[in-house]
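Fold and geometry: a report
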Amino acid sequence: MDSGIEKTKELPVQEITIDTDTRDILARETKYQKEKGFADWPIVDIDAHHSEMTSWRQVIEYIEDPILLHYAREFQSRTGGAPGLSNHTPGLRYQDAGGRIPHQQQIAEPVDDKSVHRDVTLVRRSMQALGLDYQVLFPGNLLQLGTHPQPRVEAHLALAYNRWVCDTILPEDDRIKTLLYMPLGEPEMCHRIIDEFSERKGVVGFMITSVRFKPVHHNSYIPIYRKLEERNLPLAFHAGLTWTDEWTKQTDLFISMHAISFVLCNIVHMTNWIIHGLPERFPNLKTIWIESGLAWLPFMMQRLDSEYQMRPSEAPLLKKLPSDYIREMYFSSQPIETSNMKLTEATFDAMNASSQLMYASDWPHWDFNAPSTIYDLPFLDEQAKRNILGENALRVFNLDRPAGK
Amino acid sequence: MVKVFVGAESDFEDRGRRVIEYNDTEIGVFFVDGEFFAYENKCVHQGGPICQGRILNRVVEVLADDRTSQGLTWDEEDVHIVCPWHGYEFNIKTGIHPGNKNARLRRFEVSVEGGEVYVDV
């Protein structure tokens, strides 16, 4: 340039807020995928969320129980709190770190398309920006429902939500899938839900919210697992947070509670699952452990292996080491821990990540991971990256290969 | 190295910013306490758009002389830029994370000439 001064342009979004378009928030990831050359890989996101509470008025109309429906409608007209009948915890309001992470606070961007539910458009935008071929969608606040003091409310809200999402969201886009909520508080409702929904469009399996305080190996749940195995439907344990158990009650900051809570629940359930021989009883039931990160797995493998070998009489159903069963399970990648890359690599080796790990975004939550977090791992070869980002999920959920990929 | 025009100095309010793009490089230029600071719009965590995040003062914990906690408050001097993707925070004048000195934003030099603001890219 003659002047030696280069002209430039301003970005259209100077500050990201709750009103910013999802595609602008995630624009850097879109750009990275093109730069790095994996934009044409199959990518499946096995854990993302929508905010069902923004549609709560619609959801409750699916409640079957007439009295609960009455209460739910009544609560809608009240102000000052979360929608009635849900099990929303006030502490969850800290998730966006005091407004520092706007997409966790609220997705308030304009949506003009009235032909589909607003959430369908929001999902499509995140899929476009993150380069996804499929997204497995979960609710948000309903993940707290497992500790609802009224099991019947858990059961009927699960039924209502499942009907609503199967009627309203899933039919609109072949790429949106879900693992439907099973209200373990009422086993009979779990059977109803499996029977009613397992053939519905977009349903690729079922999910237990891990924040609950009943042992998952209880005999009352065994017929549920048998039914899922017979129908070749995966079972996921979706971790969550609670600030109400005796351990997390001692933590008085969100960071502390969140760091422990999301792992502790799955530590307990996985321990019961393995030590009580569920993998031996249901060898063909695919189990997926979602949103506990990965750093807990080497701990689980070593701890359970050590104790099992000293006390095999307490776990007589086991025919191999606990870690051998863990290596046959599936895991979602988010929130991935990478502050010590040697430990991350050792974890991937220990769990056979190349065949057992599946990418998850957790979008739009505050600790989401974009696909680049997998692509950028320095110790993975290309095939392992492809497996984790998409190929493993295509196989586990028996999804059609995306056209041209 | 080229000198890239950002904008007029008079257009920057205190704690104002201008996020620009030049040859595929995005740069945020901030005006804080009478000085300009510029960083690549790429968080060292997972590449998020750090310069498009909120500007907030650093949070500090107040300890009494006997080392008991007196709660949290805003630091009166240290200003942070917060990544909107995941919340990573950096001192807006140094580009360094408050608890990880190895987490540093890529910095650009800023100059003001004749009332116009430039970054060296």
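Residues numbered from 1 in each chain as written. Chains lettered and ligands numbered in written order. Predicted model: local features only at pLDDT ≥ 70, side-chain atom pairs only at ≥ 80, totals over all residues.

Observations concerning the confidence of the model for chain B
Averaged over all residues, the pLDDT of chain B is 97; the fraction at 70 or higher stands at 100%. In the model output, the complex is listed with pTM 0.95 alongside ipTM 0.93. (pLDDT = per-residue confidence, 0-100.)

Looking at the nonpolar core
The nonpolar side chains of soluble globular proteins are, as a tendency, buried together. Among the nonpolar cores identified, the biggest contains 103 residues, and A160, Y161, L180, M182, M358 and Y359 of chain A are the most heavily contacted of them. Top contributing element to this core by residue count: helix α7 (residues 151–168) of chain A, with nine residues. Dropping the residues within four chain positions of it, M182 of chain A is found in contact with C190, I193, F206, M207 and I208 of chain A. Among the nonpolar cores identified, the runner-up in size contains 27 residues, and V29, F37, I50 and Y88 of chain B belong to it. (Core = buried A, V, L, I, M, F, W, Y, C linked by C-beta atoms within 7 Å. Buried ≥ 20, exposed ≤ 12 C-beta atoms within 10 Å, placed from the backbone. Helix = DSSP H or I, 4+ residues; strand = E, 2+ residues; numbered from the N terminus. Contact = placed C-beta atoms within 7 Å.)

Looking at the environment of Y308 of chain A
All names here are of chain A. Mapped onto the elements, Y308 comes out in helix α12 (residues 296–310). When the 18 C-beta atoms within 10 Å are taken as the criterion, Y308 is described as partly exposed. Sequence-distant contacts of Y308, defined by excluding residues within four places in its chain, comprise A315, L318, L321 and P322.

What about helix α8 (residues 187–197) of chain A?
Residue and element names in this part refer to chain A. Residues of α8 that are buried: C190, I193 and F197. Take α8 and look down its axis: the buried residues cluster within an arc of 65°, on one side only. Exposed and oriented more than 90 degrees from the buried face of α8 are E188 and D195. Looking at the buried residues of α8, the elements they touch are α7, β5 (176–181), β6 (203–209) and α9 (222–230). (Arc of directions from axis to C-beta.)

Looking at the sheet that holds strand β10 (residues 357–358) of chain A
All names here are of chain A. Strand order in the open sheet made by the eight strands is β3-β4-β5-β6-β7-β8-β9-β10, with parallel pairing throughout. Because the sheet does not close on itself, it has two edges, and the strands there are β3 (44–49) and β10. Sheet topology places β5 next to β6; four bridges connect them, and they run parallel. Residue pairing across strands places L179 opposite G205, the latter belonging to β6. With respect to the sheet, helix α6 (residues 118–130) is in contact with β3, β4 (134–138) and β5, its orientation differing from that of β4 by roughly 135°. (Pairing = 2+ DSSP bridges. Axes fitted to C-alpha atoms, helices over the stretch in contact; angles between N-to-C directions.)

Quick word on the sheet that holds strand β5 (residues 55–63) of chain B
Residues and elements named next belong to chain B. Ordered by their spatial adjacency, three strands build an open sheet running β5-β6-β7, and the pairing between neighbours is antiparallel. Looking at which strands have only one partner, the edges of the open sheet turn out to be β5 and β7 (89–91). For this sheet the average axis-to-axis angle between neighbouring strands, irrespective of direction, equals 50°. Where β5 meets strand β6 (residues 69–82), seven bridges bridge the pair, whose relative direction is antiparallel. In the sheet register, I55 faces β6, and the bridge partner there is I81.

What to know about the packing of helix α10 (residues 254–275) of chain A against α12 of chain A
All names here are of chain A. Axis separation between α10 and α12 bottoms out at 11 Å; the angle between their running directions is 35°. Taken as a pair, α10 and α12 cross one another with a handedness that is right-handed. On α12, the residues touching V263, I267, M270, T271 and I274 of α10 are W296, M300 and L304. Across the contact of α10 with α12, the residue classes tally to seven nonpolar, one polar and no charged. (Left-handed = near helix turned anticlockwise from the far one by under 90°. Nonpolar A, V, L, I, M, F, W, Y, C, P; charged D, E, K, R; others polar.)

Describing the interface of chain B and chain A
The interface is formed by 23 residues belonging to chain B together with 24 residues belonging to chain A. Residue assignment for the side of chain B that touches chain A shows that the elements contributing at least two residues are β1 (3–8) and β2 (16–22) of chain B. Here the element with the most residues in the side of chain B that touches chain A is β2 of chain B; it accounts for six residues. Class assignment for the residues of the side of chain B that touches chain A results in 10 nonpolar, seven polar and six charged. Of the pairings in the sheet, the one linking strand β2 (residues 9–10) of chain A to β2 of chain B comprises two bridges and is antiparallel in character. Of the residues in β2 of chain B, the one forming a bridge with E10 of chain A is I20 of chain B.

Thoughts on α10 of chain A
Residue and element names in this part refer to chain A. Helix length check: α10 (22 residues) gives 31 Å between terminal C-alpha atoms against 32 Å at 1.5 Å per residue, within 8%. The sharpest bend along α10 comes to roughly 25°, located at S261. Every buried residue belonging to α10 is among M257, H258, S261, F262, L264, C265, N266, H269, M270, W273 and I274, and all of these are buried. Tucked into the core, α10 has its buried residues touching β7 (235–238), α11 (278–281), β8 (287–290), α12 and α13 (322–326). One or two steps after α10, the chain reaches G277, where phi turns positive at roughly 70°. (Expected span 1.5 Å × (residues − 1). Bend = angle between axes of the 7 residues up to and from the residue.)

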